Amino acid sequence: MGRPYGLLRAGFPYVKTIGMRRVTNFPLDLAIGKDLTLYVLCRSGGAAQIARVTYEDEDLKPIGGYGTDDGKFQLPAAIIIDRDENLFVSDEGLHRITILDKDGKFLGKWGEYGEGEGQLNRPSGIAFDANENLYVVDTFNNRVQKFTRDGQFLLAWGRSGTGVGEFNLPWGIAVDELGDVYVADWRNDRIQKFTADGKFLSAFGRSGSGDGEFNRPTGVAVDKDGDIYVADCGNNRVQLFNAEGRYVQKFLGDATLSKSGRAYMLTNARPNRLRDMANLEPQKLFRKPKSVRVDNEGRMFVADYGSYRVQVYQKEAIALEPDQIVPPLRAPSLATT
């Protein structure tokens, strides 16, 4: 199914919070598996692991762990999942990609430190295309590289700078259903869009805290409608843009206590009293969201790094036919209905 001609944006309500401290500590990224199993990549100081968490019950299974051995991580940065629910994890400390099955069994690794073709210097964001070729943000080399899933080098583009197609410590990456590639250009405070072979298409964003501006964007995702989501980490928010890069709305956080958080609180009297005495308004807000992911059902998952949790929202939109919406207007104004 192709993209809709237009959208009736009916809302984007908050749904739930998943995880808590000691369950999803400092979540950097997440992958969405079958039956809404979440693989939450957690990292802080000398600790790193994947928390496999069920969407409904929050049953937890830790995967991986800190270290340099096969199947371990030093500074993991991003996680994605293939059709067989195998996990691919970038590690900026070990300059490699690690592959595990859904239960944490080590399947393979590839990558080595350097600046030559196929070499990596602190890889961060990773994304599959439709053929499960792997795009890797090679952060300290200020470029994007494309590999086969088993690590064979295919192509690369980018260099250090502020111009078109140049990067300054890029981080997040996404590939849409058309094969176009979106890169969160971290220090340049913008999103750049490219073809599958690295030809520049467009860019949007600039430094700042206003609508459509960024302060160190770390994650980017694209849904089936072509909408673009950006984890605007330094501004403690997620921003939504349409397929042309026009600002639509922002999300500041609406968290409630997760299921695991409620169970913990009910067995701990002191935290209950502290929460009873606290101003709860700030507790719902994002704190340094590092990643945003979307699924085919319109759910948005935000890795709320500073609050040890994942916040979930549900997109409500209706596809429109050409006779249901007029062409773009030169000076639009929206009336409240």
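Higher on the page you've got the structure.
Every value quoted in this text rests on a predicted model; they were computed, and no experiment measured them. (Residues numbered from 1 in each chain as written. Predicted model: local features only at pLDDT ≥ 70, side-chain atom pairs only at ≥ 80, totals over all residues. Heavy atoms only, no water.)

S.K.: In this structure, what is going on with the sheet that holds strand β9 (residues 96-100)? I would like to understand it.
M.R.: Across a sheet, strands are paired by hydrogen bonds formed along the backbone, either parallel or antiparallel in direction. Read across the sheet, 4 strands follow the order β7-β8-β9-β10 without closing on themselves; strand pairing throughout is antiparallel. The open sheet has two free edges, formed respectively by β7 (76-81) and β10 (106-110), since each of these has just one partner strand. The mean inter-strand angle of the sheet, taken between neighbouring strand axes irrespective of direction, is 20°. Direction of pairing for β9 relative to β10: antiparallel, over a ladder of 4 bridges. Each bridged residue has a counterpart across the sheet, and for L100 the counterpart in β10 is F106. (Pairing = 2+ DSSP bridges. Helix = DSSP H or I, 4+ residues; strand = E, 2+ residues; numbered from the N terminus. Axes fitted to C-alpha atoms, helices over the stretch in contact; angles between N-to-C directions.)

S.K.: Is there a simple way to explain the sheet that holds strand β25 (residues 309-314) in this structure?
M.R.: Reading across from one edge, β2-β25-β24-β23 is the order of the 4 strands in this open sheet, with antiparallel pairing throughout. Both edges of this open sheet fall to β2 (14-18) and β23 (289-294), since each of them pairs with a single strand only. Taken pair by pair, the neighbouring strands of this sheet meet at an average axis angle of 20°, ignoring direction.

S.K.: Just checking my understanding: could you explain the packing of aromatic side chains for this structure?
M.R.: The geometry of an aromatic ring pair comes down to the distance between the two centres and the angle between the two planes. With the rule as written, the count across this model stands at 19 aromatic pairs. Ring centres of F12 and F251 lie 5.0 Å apart, and the angle between their planes is 80°; on these two criteria the pair is classed as edge-to-face. Within this pair, whereas F12 is found in the loop between β1 (6-11) and β2, its partner F251 is found in strand β22 (residues 247-251), the two being separated by 239 residues in sequence. Judged by relative accessible area, F251 falls into the buried class, the value being 4%. (Phe/Tyr/Trp six-rings, centres within 6.5 Å; stacked < 30°, edge-to-face > 60°. Buried < 20%, exposed > 50% of the residue type's maximum accessible area, 1.4 Å probe, protein only.)

S.K.: Mind showing me how you'd approach the side chain of D129 here?
M.R.: Mapped onto the elements of the fold, D129 is located in the loop between β11 (123-128) and β12 (134-138). From its side chain, D129 meets the backbone nitrogen of N131 in a polar contact 2.9 Å long. Residues in contact with D129, not counting those within four places in the same chain, are Y135, K146 and V175. (Polar contact = N/O pair within 3.5 Å; in protein donor to acceptor, adjacent residues only side chain to side chain. Contact = heavy atoms within 4.5 Å.)

S.K.: Please explain the nonpolar core as it appears in this structure.
M.R.: Here is a general trend for soluble globular proteins: nonpolar side chains tend to be buried in one another's company. Grouped together as the largest cluster of nonpolar side chains are 13 residues, with contacts concentrated most on I18, L30, V40, Y55, F301, V310 and V312. Only β4 (37-44), β5 (47-54), β24 (299-304) and β25 provide two or more residues apiece to this core. If one sorts the elements of this core by residue count, β4 sits on top with 3 residues. Other than its neighbours up to four places away in sequence, Y55 contacts V15, K16, I18, L36, R299, F301 and V312. (Core = buried A, V, L, I, M, F, W, Y, C linked by side-chain atoms within 4.5 Å.)

S.K.: What is the right way to look at the environment of R83 in this model?
M.R.: You can see R83 is positioned in the loop between β7 and β8 (87-91). Discounting residues that sit within four places of it in the chain, R83 has contacts with K34, A130, N131 and E132. There is a polar contact of 2.4 Å between the side chain of R83 and the backbone oxygen of A130.

Remember that the coordinates give geometry; whether it matters functionally is a separate question.
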